[in-house]
Each structure stands twice: as C-alpha cells, then as structure tokens.
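This is what each chain is made of:
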Amino acid sequence: MLQNQGREMMIVTSGAVAFGKQRLRHEILLSQSVRQALHSGQNQLKDMSLPVLEARACAAAGQSGLMALYEAMFTQYSTCTAQVLVTNLDFHDDQKRQNLNSTLQELLRMNIVPIINTNDAVVPPPEPNSDLQGVISIKDNDSLAARLAVEMKADLLIALSDVEGLYNSPPGTDDAKLIDIFYPGDQLSITYGTKSRVGIGGMEAKVKAAIWALQGGTSVVIANGTHPKVTGHVITDIVEGKKVGTFFSEIKPAGPSVEQQTEMARNSGRSLASLHPDQRSEIICHLAELLTERKEDILAANKVDMDQAVCAGHLPPAMLKRLSLSPAKLNSLAIGLRQIAVLAQDSVGRVLRRTRVAHNLELEQITIPIGVLLVIFEARPDCLPQVSALAIASGNALLLKGGKEAANTNRVLHQITQEALTMHGVREAVQLVSTREEVEDLCRLDKMIDLIIPRGSSKLVRDIQRAAKGIPVLGHSEGICHVYVDADASVDKVVKIVRDSKCDYPAACNAMETLLIHRDLLRTPLFDQIIDMLRNERVKIYAGPRFASYLTFSPSEAKSLRVEYGDLECCMEVVDSMQEAVDHIHKYGSSHTDVIVTENESTAEQFLQQLDSACVFWNASSRFADGYRFGLGAEVGISTARIHARGPVGLEGLLTTKWVLRGNGHTAADFSENGTMKYLHENLPVGQSLPGQRDSN
C-alpha cells in the first residue's frame, strides 16, 4: 500500500536462525531414524536425542527458506524484493559502506523492496560494550535498523515489538503506563523488564537503537506488530501521523502532556469533590464576577479570533455567530453561573435513599461526581465557563478541548477559571488541552477519562462516538426538531411558535428543521400566514414529497427528510393526522425536541405520550429545550441517549451514585437460615440523621 503511494521502504527482518533450526532438526531426525532403521531394524528404534544446533549453521540453512517465504508473499502483490545480508564490517569499512549504500539506493530506484538481515552464518557473537564512539555496533535487528536508517537518511524508522510501545515499567505490572512520546532525557525514569523469549535485544536495546537513530536525524516509532489483522493498519496509521505506539522526539514541549494534564485534573478533582458545598459555590460566584471584571480582556481576545476567522473565510455564518462574544452574552453567562452556584449547595453527597436493612445496619444511596469529564467543543467559547461551572458544582475534574478557531478566547477564559479555582486550592481541576492533540487520541484515554461530552457539529459527535470505544459518550449527533401544526391550532400561536422555533437562532440544535402541516390547513388563511411569515424572515423552504404533490408551483423539493440545516432553511411536509405526524417524527427525527401546536387537549396529550423524544412540547417553541430556560443554570449539552441523563443535561446529569453501608460487625452468615438476624428493609426519610452520622453533606 505504501509503495503504491510512491514511498521508498526497506525491511529489516529476523527469522533465519529460527527457520534454519526447524529445518535442521527435521533433517537430523530423518537421518537418525534412517540410520537406526538400517542397523537395528524398524522395531528396535531407541530414543533419539538432538544435538545442540549451532546458530551460524541454522542461519545458513534458514536464509533461503526465509527469503522464499518473503518472495511468495510479495509476489502476490506484484512487488519485487531483494535480499541483502550485512555484517558490522560493512559499516565500519568506508568502501563497503559506500557499496552497500549504492546497492540499496539502486534497488529503491527500481521500486524493489530490500529485505535486509545480518549475515548470521559468518558473523561473530556480539561483544558486550563494543560500540565505537558515536557509532552503534550491530548486535541485533534493532541496532541494524537504526544503523541503516541513519546511513540511508530515512525519514522514519518503525520498530515493531510484541507490546504496544515503551512503558515506564514492565508491561503487565500494576503501575505500567504506555509512553506516547519519549524524550532521550527521560531514560532514567524507565524500568525495563526481561528480554523477549525469542529476541536477543529486548526493549532496552530497541530504546538504545531508537535514540541513536533519532540523534542521526531519523524519526522513530516503537509499536506492536504481533496482531496480523491490525499490523498493516498500525504501519499506515503511523505514516499518516496518528498517535500509535511510542514516538521518539528530541524536543520536549514546555507544558505537560495531555496524559499528565488528565492525571493532574483527576487528583485535583478529588480535592474539589471533598470541598464543602459553600466552597464550591464561592468558586463559581467568583468566576461569574471575573467574567464581568475581565470583560475587556475576554472581548479583545475574542476579536482576534473573529478577525482571524473572517480573514480565513472557512467558517460558515452560523459558526461565526457561535464564535462571537458580546457584553450581553457575558452578562447572561454570569447570571447563569450564579444560578449554578445556588444549585451547587445541594449536589454532591445528597442522600437519595436511606434504608434500615437490619438492626444497626443502615444503607444509604448518595450522589457523587462521575470523575473526569472530557468536553470537546468547536467554535463556541461561551461553553467553557458554563461547563467549568457545572463541573465545579458537581465536583468533577474537567478536561477541555476547544476548537482552534476560539484559541485566544478559550485561553483567557481558562486562565480566569483557574484563577477562581485557586481560592480553594484546586486550580488544576479544570485543564485546557492546547496541544495539537487529535480527538481520536483523547478518546484513547479510556483508563483516565470517565465520560466524553461533545458539543459541536453532528460530524464531530459521530466521529467521537466511533472513536470512544471504551468511554461513554453523552450527547446527540443531530438536532432534527419538528413542529407539527394540528388542524385545531390557533393562528396567533402557530405564527409565534414557528417564527421563534426557526428564526430566533437557526444555528442552535433546538431550532426547528421540519414543519409538519395538517392536510386540512392547506389553502387556508392560517397556511398563507405561515408562508408569508417565513418569506418575510427570509427562510428558504424545501418541500417534502407529499407537500410538493399538492402544489402546481412548489419550492425546491427536499433531498432528504432527515436534514439539520442549521440556517434559515427548513423542510415543510403535509400529514393527514396527529398519528401520521408522530410516525413521521419517529422515522426522520433525532429524538431531540418536537412540538405540537393545537387547541385540542386530547390530541396534544396523545402526542406528548406517544413521542419518545428527549423533549416534547405543547404550544411552546422548540427553543425552550435549553438548560438555562429549564432553570438548570446552564447545560453541558442535550442528550438523546436512552440511559443516564436525557434532554438538557445540567448539574444532575453530571452526578452518579454510590451505596454506603454502616454496620456493627455484621456478616452475610448472620442472615442465613441458621443465623440470628432478619432483614427489615425499612425505608427511612432521607432527611433523618442516623446515630453517629454527620449531615448529608
């Protein structure tokens, strides 16, 4: 695949000794059995013992078989290969080294893949500590690959191992962590394990070779090459720049890595969760004050982002509107934060259920933080203080990844957030990822992150849902909201609700995207008023198939009935009844927010009962699907999931629970048939304090 892309490659391989050993053992066993058969008769064979096989002889016998295997495999892809055997002398002798370089260059020029190995049939055993100054001695394939990479001025050396990469301690030990990026100065922090059963170098040799190649100008990655179905993907992923295995770099960034940031957030988040609710509220109130006090700094940074976005010309108008901040927006944010501060008083440690299981055995279910949240948001900097306040109120650690379009605004807002956190010593609980970390790479931190909340385009959400295989994702991929105008609808209410649902903020996920009209309303004054209003608001209408069939001159027909326009555009379709509207929404909606406009209470109640969307409204705009309007203070997003939080997710959605059991030496045997105790399972008021218990906070 890489060769077809025009790349030049060499393969350094092992296997000749193992291949030859297998072959020679077979030959020896065969010859021994023939000799014994001739001398003793076939029925008197004695136990045959194999002599110790000399490695050089094995290599000589195995080279041809190994190369035949490579030839057979590469021929299937019409790729020509050539075998090159080398020794240390080929590098230490200038003339031989030039000959080797010339041979390899010529093979690569002819699009032939060189397959290189040490000539183990003649090479002497490696001597310990025999490296010359500035030159690595060839003791194994790792050192050979490094030497060749530098000699041939290779751009990249991929060293495939039987583990995912370099760990800070032997893989499999309790505290072992994969190192994504390794810097030569960090060597002393690594504890190496034993060598591979079949190799002679081990990870320590790989690291030494990698550092030598890196100093020679070649980039190096150590990755896992033992899974046949994924190894090909590993190689292409590395070439494409994705984070796979361990990347060796000479330049250490000034700030912490994203793994270190996550660890810092988790540790500080535990301190945040243990604060008194009043202290968490104080942090949020101080953040609200700072938003007002530092208004000029925030707006100046936002102006830089806006100017850059306009000059680049990449952002659509809807995203530019989200990117923009104003004094009014900041004031609204501060008001929302103060609401969250009030809610924070009764969040973490709240007793939801209290049961007397038996005498002196009390059980409680209490609220606790989820842990570490990763919130990924695009060009919407107002999301940062909102989400930070909700995380603080719920005692969660927070990792933020904002869009590069809002980098300057996000940096100022994050500094203000950390300043507010400092007042109670939990500055690191909220971290902003400012490195060029791909979303896919963040989703790999399944042992460090407990919940991912994406806020952005449907493509962003879908990409994260695919990438986050081991981490739950809370959110919605689309906001295809419907407004159904029933035959019994009020003229005044319809026009107001449809206008607000579509035109108030078309880019919002709770904006109307499809307008369903009861068939009896066609060619009525109400229908004409709806059309006139949408035209006056410059809303482009796309006709659904049935709506188009009723009109002689219809608007452009909708390409799909499942589209989130995010602009002054919408689809209009005709239905025969409320039930047909419900069926349409179930088929084409996204379970976000759907509305019925009618004066018929019975019809409305059926609509509210039958629809299973996260938000279902009667005679109210779809724009009400919002945490601030629900009185939640703010929201981290709107979830259309079927478990955990659903709809606008505020403070409650960022909490989970744990069970606390207080006993007095109780055992399960006490409650067996021969035991002395009986279960009571008596529910107690959650406000009632148990003997010796502190208050619920």
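Here is what the cut-offs are and how they apply
Residues numbered from 1 in each chain as written. Predicted model: local features only at pLDDT ≥ 70, side-chain atom pairs only at ≥ 80, totals over all residues. Heavy atoms only, no water. Helix = DSSP H or I, 4+ residues; strand = E, 2+ residues; numbered from the N terminus. Rg over C-alpha atoms; globule rule 2.2 N^0.38 Å. Buried < 20%, exposed > 50% of the residue type's maximum accessible area, 1.4 Å probe, protein only. Areas by Shrake-Rupley, 256 points an atom, 1.4 Å probe, with all protein chains shown as cover. Lys, Arg positive; Asp, Glu negative; His and termini not counted. Charge placed at Lys NZ, Arg CZ, Asp CG, Glu CD. Phe/Tyr/Trp six-rings, centres within 6.5 Å; stacked < 30°, edge-to-face > 60°. Pairing = 2+ DSSP bridges. Axes fitted to C-alpha atoms, helices over the stretch in contact; angles between N-to-C directions. Contact = heavy atoms within 4.5 Å. Parallel < 35°, antiparallel > 145°, perpendicular 65-115°, else oblique. Left-handed = near helix turned anticlockwise from the far one by under 90°. Expected span 1.5 Å × (residues − 1). Arc of directions from axis to C-beta. Domains from an automatic or database assignment. Right-handed = clockwise from strand over helix to strand, strands pointing away. pLDDT = per-residue confidence, 0-100. Polar contact = N/O pair within 3.5 Å; in protein donor to acceptor, adjacent residues only side chain to side chain.

## A short note on the overall build of the protein chain
Tallying secondary structure elements over the protein chain gives 21 helices and 23 strands in all. In summary, the protein chain has a C-alpha radius of gyration of 34 Å against a globular reference of 26 Å for 697 residues, an excess of more than 25%. Considered along the principal axes of its C-alpha atoms, the protein chain spans approximately 105 × 80 × 65 Å. Counting only residues that meet the buried cut, the protein chain has 48% of its 697 residues in that class. For the protein chain, the accessible area works out to roughly 35,400 Å², and carbon and sulfur atoms hold 51% of it. Across the protein chain, the centroid of the 70 positively charged side chains sits 2 Å from that of the 82 negatively charged ones.

## Brief notes about the packing of aromatic side chains
For the structure on display, the rule yields 6 aromatic pairs. With centroids separated by 6.3 Å and ring planes inclined at 20°, the aromatic side chains of Tyr70 and Phe74 adopt a geometry described as stacked. Here the residue Tyr70 and the residue Phe74 both occupy positions in helix α2 (residues 55-75), the gap between them amounting to 4 residues, near one helical turn.

## Describing the sheet that holds strand β13 (residues 451-455)
Sheet architecture is open: 4 strands sit in the order β12-β11-β10-β13, paired in parallel fashion. A single partner strand is all that each edge strand has here, and the edge strands are β12 (430-432) and β13. Averaged over all pairs of adjacent strands, the angle between strand axes in this sheet comes to 20°, irrespective of strand direction. Pairing of strand β10 (residues 372-377) with β13 involves 5 bridges; the strand directions are parallel. Within β13, the residue paired with Phe377 across the bridge is Arg455. Helix α13 (residues 383-394) rests against β10, β11 (397-402), β12 and β13 of the sheet, and its axis sits at about 165° to β11.

## Remarks on the packing of α13 against helix α14 (residues 407-422)
Where α13 meets α14, the axes come as close as 10 Å, and the angle between the chain directions of the two elements is 25°. Taken as axis vectors, α13 and α14 run roughly parallel relative to one another. At the point where α13 passes α14, the crossing takes the right-handed sense. Across the interface between the two elements, Leu384, Pro385, Ser388 and Ile392 from α13 touch Asn410, Leu413, His414, Thr417 and Leu421 from α14.

## Concerning helix α9 (residues 277-293)
Under the 1.5 Å per step criterion, the end-to-end length of α9 is 24 Å for 17 residues, consistent within 8% with the ideal 24 Å. Those residues of α9 not exposed but buried are Pro277, Arg280, Ser281, Ile283, Ile284, Leu287, Ala288, Leu290 and Leu291. On its buried face, α9 sits against α8 (258-274), α10 (295-312), α12 (327-343), α13 and α14.

## Concerning helix α16 (residues 458-467)
Along α16, the residues classified as buried are Ser458, Leu460, Val461 and Ile464. Summarising the axial view, the buried residues of α16 lie within an arc of 160°, below the 170-degree limit, and thus occupy one face. Exposed side chains of α16 directed beyond 90 degrees from the buried face belong to Lys459 and Arg466. Those residues of α16 hidden inside the fold are in contact with β10, α15 (439-442) and β13.

## Side note on unusual backbone geometry
One non-glycine residue, Ser78, lies in the positive phi region at around 55°. With respect to the secondary-structure elements, Ser78 resides in the loop between α2 and β2 (81-86). For Asn619, which is not glycine, the phi torsion reads 55° and is therefore positive. Structurally, the position occupied by Asn619 is in the loop between β19 (615-618) and β20 (637-639). The exposure class assigned to Asn619 is partly exposed, which follows from its relative accessible area of 23%.

## Concerning the domain arrangement of the protein chain
Taken as a whole, the protein chain is organised into domain 1 (2-26 + 54-124 + 134-248), domain 2 (258-467) and domain 3 (481-635). Inter-centroid distance (C-alpha atoms) of domain 1 to domain 3 is 62 Å.

## Quick notes on the sheet that holds strand β14 (residues 481-485)
On the basis of which strands lie adjacent, the open sheet formed by 6 strands has the order β16-β17-β15-β14-β18-β19 and parallel pairing. A strand with exactly one partner marks an edge of an open sheet, and here the two such strands are β16 (540-543) and β19. Neighbouring strand axes in the sheet, compared pairwise and without regard to direction, differ in orientation by 20° on average. In the sheet, β16 pairs with strand β17 (residues 569-575) via 4 bridges, with the strands oriented parallel.

## With respect to the environment of Glu601
Among the structural elements, Glu601 can be located in helix α21 (residues 601-610). It is 9.8 Å that separates the C-alpha atoms of Glu601 and Asp488, two residues lying 113 residues apart in sequence.

## Structural notes on the pairing of strand β15 (residues 512-518)
Counting buried residues in β15 gives 7 out of 7 residues, a clear majority hidden from the surface. Handedness of the β14-helix α17 (residues 491-503)-β15 crossover: right-handed.

## A few points about the confidence of the model for the protein chain
Chain-level pLDDT for the protein chain is 87 on average; 91% of the residues reach the 70-or-more range. The weakest mean pLDDT in the protein chain belongs to helix α1 (residues 16-40) at 77; the strongest belongs to β14 at 98.

## Focus: the side chain of Ser169
Within the secondary structure, Ser169 sits in the loop between β4 (156-161) and β5 (181-182). Engagement of the side chain of Ser169 in a polar contact is seen with the side chain of Asn168, the distance being 3.5 Å. Polar contacts involving the side chain of Ser169 include one to the side chain of Thr173, which spans 3.2 Å. In this structure Ser169 touches Asp175, Ala176 and Thr191, once residues within four positions along its chain are discounted.

## A look at the side chain of Glu151
Turning to its location among the elements, Glu151 is positioned in helix α5 (residues 141-151). A polar side-chain atom of Glu151 sits 3.2 Å from a polar atom in the side chain of Asn101. The contact partners of Glu151, leaving out residues within four places of it in the chain, are Arg97 and Asn101.

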